[in-house]
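Geometric and topological summary
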Amino acid sequence: MKKRLCAGALLAAFTVFLCLQPAAVAQKDMPAGTVDTARARPSSVQSGYMRCDFYDEALFLENIRTAPAYPDLADVTGATVPHYAPMMSLTAGVLSAVSAQRTVETVVILAPNHSGEGAAVQLSGDGFYWESGSIAGSPDARLFSANSALRAAVTNTHIAADHSAATLAPYIAHYLPEAQLVTLLLSSAASDIQLTAIADTLTALAAEKDILVLCSIDFSHYQTPQRAEHNDRQTRDAVSSGREALLRSFDGAYLDCPEALVTLMRFAARRDAVLNETDYRLVTYAEQGLPAAASYFIYTVC
């Protein structure tokens, strides 16, 4: 009788233990056999998928529907594109133009670290998934991690949490379904040496395969229309004259990732390519009854 009581008590305790454990995370929306590294720290440069928490299907479909037609982008190897969700039609336009002409193997996203937390350069070779799709990561991330001058931290923590890269993933998957992703999150603490290392690695990768570099950048933020136009003129002048130091001195009132733009300029120079201003949009709106504006440049490397 005593043995039966002990066995019963153990079984009851074990049942309570199981009930108290966290519920298993549903994986039904992830590709089979993958690891959710948005929740589990990656053990290597490429080991799974990050959850995209910024997907809005209705807005996605509207941005696809209203994407502008950009001619003559067949040979584009890099571009600046917005990450602000209501302006992703511009991103869709760039991707649509590229996809109509060729099959891209690797997309490298250079995105701002809005929180500023973590290492100056953070790297992931993992993909993203959302409720209706996914895009795989690329083993090409190892080329970046192997560059000792880059000193990139291989981590998904802040990349998964920041909308600057994740917002792009569904659009890339839609237009470039065969492409794989490498993501680099950049903060203002990134050194000149690190930006050069990224440009060098991009150049080496572009010599081996068809790549597309997407610099996820929103330009003037939370300004009056007049101030936004003024800031954009300064940004345009700095880009056209190649004044990288001036660009890097600009804050979010001008653009939220000068590091990505400077890297794109260096990548273009190494390929003897031209950085063109393909589109520019100044969007005005009311903020607490006062006029406000935000701006978006599409620069392309051809």
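Our subject is the structure that appears above.
Description of the structure in this document. (Residues numbered from 1 in each chain as written. Predicted model: local features only at pLDDT ≥ 70, side-chain atom pairs only at ≥ 80, totals over all residues. Heavy atoms only, no water.)

What follows deals with the pattern of salt bridges. Under the defined criterion, the tally for this structure stands at ten salt bridges. Ionic pairing is found between aspartate 200 and arginine 270, a salt bridge with its closest N-O pair at 2.7 Å. One end of the pair, aspartate 200, is in helix 8 (residues 192-206); the other, arginine 270, is in helix 11 (residues 258-270), and 70 residues separate them in sequence. (Salt bridge = Lys/Arg side-chain N within 4 Å of Asp/Glu carboxyl O. Helix = DSSP H or I, 4+ residues; strand = E, 2+ residues; numbered from the N terminus.)

So, about the environment of threonine 300. Position of threonine 300 among the secondary structure elements: in strand 11 (residues 290-301). Using a relative accessible area of 0% as the deciding quantity, one classes threonine 300 as buried. Between the alpha carbons of threonine 300 and aspartate 75 there is a distance of 9.7 Å; along the sequence they are 225 residues apart. Aside from chain neighbours lying at most four places away, what touches threonine 300 is Leu73, Val76, Gly78, Ala79, Val274, Leu275, Asn276 and Thr278. For threonine 300, the side chain forms a polar contact with the side chain of threonine 278, separated by 2.7 Å. (Buried < 20%, exposed > 50% of the residue type's maximum accessible area, 1.4 Å probe, protein only. Contact = heavy atoms within 4.5 Å. Polar contact = N/O pair within 3.5 Å; in protein donor to acceptor, adjacent residues only side chain to side chain.)

As a further point, take the sheet that holds strand 1 (residues 49-51). If you walk across this open sheet you meet the three strands as 1-5-6, and the pairing is mixed. Looking along the sheet, the strands with just one partner apiece sit at the ends: strand 1 and strand 6 (133-135). Along the sheet, successive strands turn relative to each other by an average axial angle of 25°, direction set aside. Looking at chain direction, strand 5 (residues 127-130) and strand 6 are connected through three bridges and run antiparallel. Directly across from phenylalanine 128, in strand 6, lies its bridge partner isoleucine 135. (Pairing = 2+ DSSP bridges. Axes fitted to C-alpha atoms, helices over the stretch in contact; angles between N-to-C directions.)

What follows is about unusual backbone geometry. For arginine 151, which is not glycine, the phi dihedral falls at a positive 50°. Following the sequence through the fold, arginine 151 ends up in the loop between helix 4 (141-145) and strand 7 (153-154). Phi is positive for aspartate 272, which is not a glycine, with a value near 55°. Position of aspartate 272 among the secondary structure elements: in the loop between helix 11 and strand 10 (275-287). You can call aspartate 272 exposed: its relative accessible area is 73%.

A separate point is the side chain of serine 89. Among the structural elements, serine 89 can be located in helix 3 (residues 88-99). Ignoring anything within four residues of it in the chain, the contact list for serine 89 reads Asn63, Thr66, Ala67 and Pro68.

Each regular strand displays side chains that alternate between the two surfaces of the sheet. Here strand 3 (residues 106-112) lies mainly inside the structure; seven of its seven residues are buried. Of the two faces of strand 3, the one carrying Thr106, Val108, Leu110 and Pro112 and the one carrying Val107, Ile109 and Ala111 are both buried. Looking at chain direction, strand 3 and strand 8 (residues 180-186) are connected through seven bridges and run parallel. Bridge pairing in strand 8 places valine 107 opposite leucine 181. In the sheet, strand 3 pairs with strand 9 (residues 211-216) via five bridges, with the strands oriented parallel. Note that in strand 9 the partner of valine 107 across the bridge is leucine 212.

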